[in-house]
Amino acid sequence: MTTPIWDPGQYLRHAGHRARPFADLLARVPALPTEPPAGRPRIADLGCGPGNVTVLLTERWPAAHVTGYDNSPEMLDKAHTDHDGPTAGGGRLDFAHADLRTWAPGEPYDLIVSNATLQWVPGHADRFADWIAGLNPGGTFAFQVPDNIDAPLHALMRELAATPRWKSRLADVLRRTDSVHTPGAYLDRLARLGCAADVWQTTYFHVLRGEDPVLDWVKGTGLRPALTALADDPEARDAFLTEYRDLLRQAYPSAPYGTVLPFRRLFAVAVKEA
């Protein structure tokens, strides 16, 4: 899969819809083992993007030292500019580069969390053992990932990329259909690592507005590898987008109130044994 070049501005165009699953995930995270006045919680956000949802961690735990990790220079620049620094509750929010294929905690954390990132990390479930080992006793590892690789927006993208016109350039750059595991597989992996695991799925029905809003949505996320692969050929990029747009218009028809995008996500909250 092509390593995508991210566009923070495009990603943030649907920031409200994208932030809601993270808020729902945090609502299920229990109290952390390190809380004031005993100490300052230490939190890692894996795949922080532009930092807009990482801020929610500082609102829930205002005294915490929170570090957002990402491998996109574009996303980290936006996060540094908009959110880096001390927080109102006496904590701190900072950001650092990390490759989640190899990142391991260099200090004990009370919470390691990831929002809509692990689907981009091949073999991510094999990293769980190292991440959980880096938690304090009673700490939590929590994540959510899109669980809709079979939805029309992805299926149509793959089918178009496999056609004769695009196959040589795009067939191997998109996310694999096995990039996210089943809920049972995650539950089993986390439980075998000694955690009390809570795993569930939710389907959101986002009502999007504007012209071709589903295309606009996916241009910020799932379409990034294709856009990156075609970045040196604007004419081809625009032709692919036009073909894909027409397919999306059929799959997601507009209504007077907007265009509905059903979007299933998978959540997991794993608490390490105290």
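Naming follows an unreviewed UniProt entry, where the protein appears as Trans-aconitate 2-methyltransferase of Streptomyces fodineus. A UniProt comment under Subcellular location (unreviewed entry) is attached to the protein, and it reads "Cytoplasm". In its Function (unreviewed entry) section, the UniProt entry covering the protein states "Catalyzes the S-adenosylmethionine monomethyl esterification of trans-aconitate."

Visitor: I'm lost on the overall build of the protein in this one. Help?
Guide: Looking only at helices and strands, the protein has eleven helices and nine strands in total. At 19 Å, the protein has a C-alpha radius of gyration in line with the 19 Å of a compact globule built from 274 residues. Seen through its C-alpha atoms, the protein measures out along the principal axes to roughly 60 × 40 × 40 Å. Within the protein, buried positions represent 52% of all 274 residues. Of all intrachain contacts in the protein linking residues separated by at least 6 positions in sequence, the fraction that spans at least 24 positions is 80%. Summed over all atoms, the accessible surface of the protein reaches about 12,200 Å², with 51% contributed by carbon and sulfur.

Visitor: Would you mind showing me how to read the packing of aromatic side chains here?
Guide: One pair of aromatic rings is described through two measures. These are the centre distance and the angle between the planes. Summed over all chains, the structure comprises 14 aromatic pairs. Across from the ring centre of Trp 120, 5.9 Å away, lies the NZ or CZ of Arg 175, which sits over that ring.

Visitor: How should the UniProt feature "domain: Methyltransferase" (unreviewed entry) in the protein be read in this particular structure?
Guide: According to UniProt, the "domain: Methyltransferase" (unreviewed entry) feature falls on residues 43-139. Each end of residues 43-139 is marked by a C-alpha atom, and these two atoms are 10 Å apart; helix forms 25% of the span and strand 31%.

Visitor: Explain the packing of helix α6 (residues 152-161) against helix α11 (residues 234-251) to me, please; I cannot follow it from the model alone.
Guide: Two measures define how a pair of helices packs: the angle their axes make with one another and the distance between the axes. Where α6 meets α11, the axes come as close as 10 Å, and the angle between the chain directions of the two elements is 140°. For the element pair α6 / α11, the angle class is oblique. The handedness of the crossing between α6 and α11 is right-handed. Residue-level inspection shows Pro 152, Leu 153, Leu 156, Met 157, Leu 160 and Ala 161 of α6 in contact with α11, the latter providing Phe 240, Glu 243, Tyr 244, Leu 247, Leu 248 and Ala 251. Across the contact of α6 with α11, the residue classes tally to eleven nonpolar, no polar and one charged.

Visitor: Would you mind showing me how to read α6 here?
Guide: Along an α-helix, residues three or four positions apart point the same way, because every turn accommodates 3.6 residues. For α6, a buried count of seven out of ten residues is recorded, marking the element as mostly surrounded by other parts of the structure. Of all the residues in α6, the buried ones are Leu 153, His 154, Ala 155, Leu 156, Met 157, Leu 160 and Ala 161. Its buried side turned inward, α6 meets α7 (167-170), α9 (213-218) and α11.

Visitor: Would you take a moment to explain the pattern of salt bridges for this structure?
Guide: Once the charged atoms of two side chains with opposite charge are near each other, the side chains can pair. Going through the model one piece at a time under the given rule, you end up with 20 salt bridges. Asp 216 is paired through a salt bridge with Arg 13; the nearest N and O atoms lie 2.8 Å apart. Taken together, the positions of Asp 216 in helix α9 and Arg 13 in the loop between α1 (8-11) and α2 (15-26) put the pair 203 residues apart, joining distant regions of the chain. A relative accessible area of 13% places Asp 216 in the buried class. A salt bridge links Asp 233 to Arg 169; its shortest N-O distance comes to 3.0 Å. You can see Asp 233 sitting in the loop between α10 (224-229) and α11 and its partner Arg 169 sitting in helix α7, a full 64 residues away along the chain. Owing to a relative accessible area of 26%, Asp 233 belongs among the partly exposed residues under this scheme. Linked by salt bridges that have partners in common, Asp 84, Arg 92 and Asp 94 make up one network.

The rules behind the values
Residues numbered from 1 in each chain as written. Predicted model: local features only at pLDDT ≥ 70, side-chain atom pairs only at ≥ 80, totals over all residues. Heavy atoms only, no water. UniProt positions renumbered as here; feature names shortened; annotations may be inferred. Helix = DSSP H or I, 4+ residues; strand = E, 2+ residues; numbered from the N terminus. Rg over C-alpha atoms; globule rule 2.2 N^0.38 Å. Buried < 20%, exposed > 50% of the residue type's maximum accessible area, 1.4 Å probe, protein only. Contact = heavy atoms within 4.5 Å. Areas by Shrake-Rupley, 256 points an atom, 1.4 Å probe, with all protein chains shown as cover. Phe/Tyr/Trp six-rings, centres within 6.5 Å; stacked < 30°, edge-to-face > 60°. Lys NZ or Arg CZ within 6 Å of the ring centre and 35° of its normal. Axes fitted to C-alpha atoms, helices over the stretch in contact; angles between N-to-C directions. Parallel < 35°, antiparallel > 145°, perpendicular 65-115°, else oblique. Left-handed = near helix turned anticlockwise from the far one by under 90°. Nonpolar A, V, L, I, M, F, W, Y, C, P; charged D, E, K, R; others polar. Salt bridge = Lys/Arg side-chain N within 4 Å of Asp/Glu carboxyl O.

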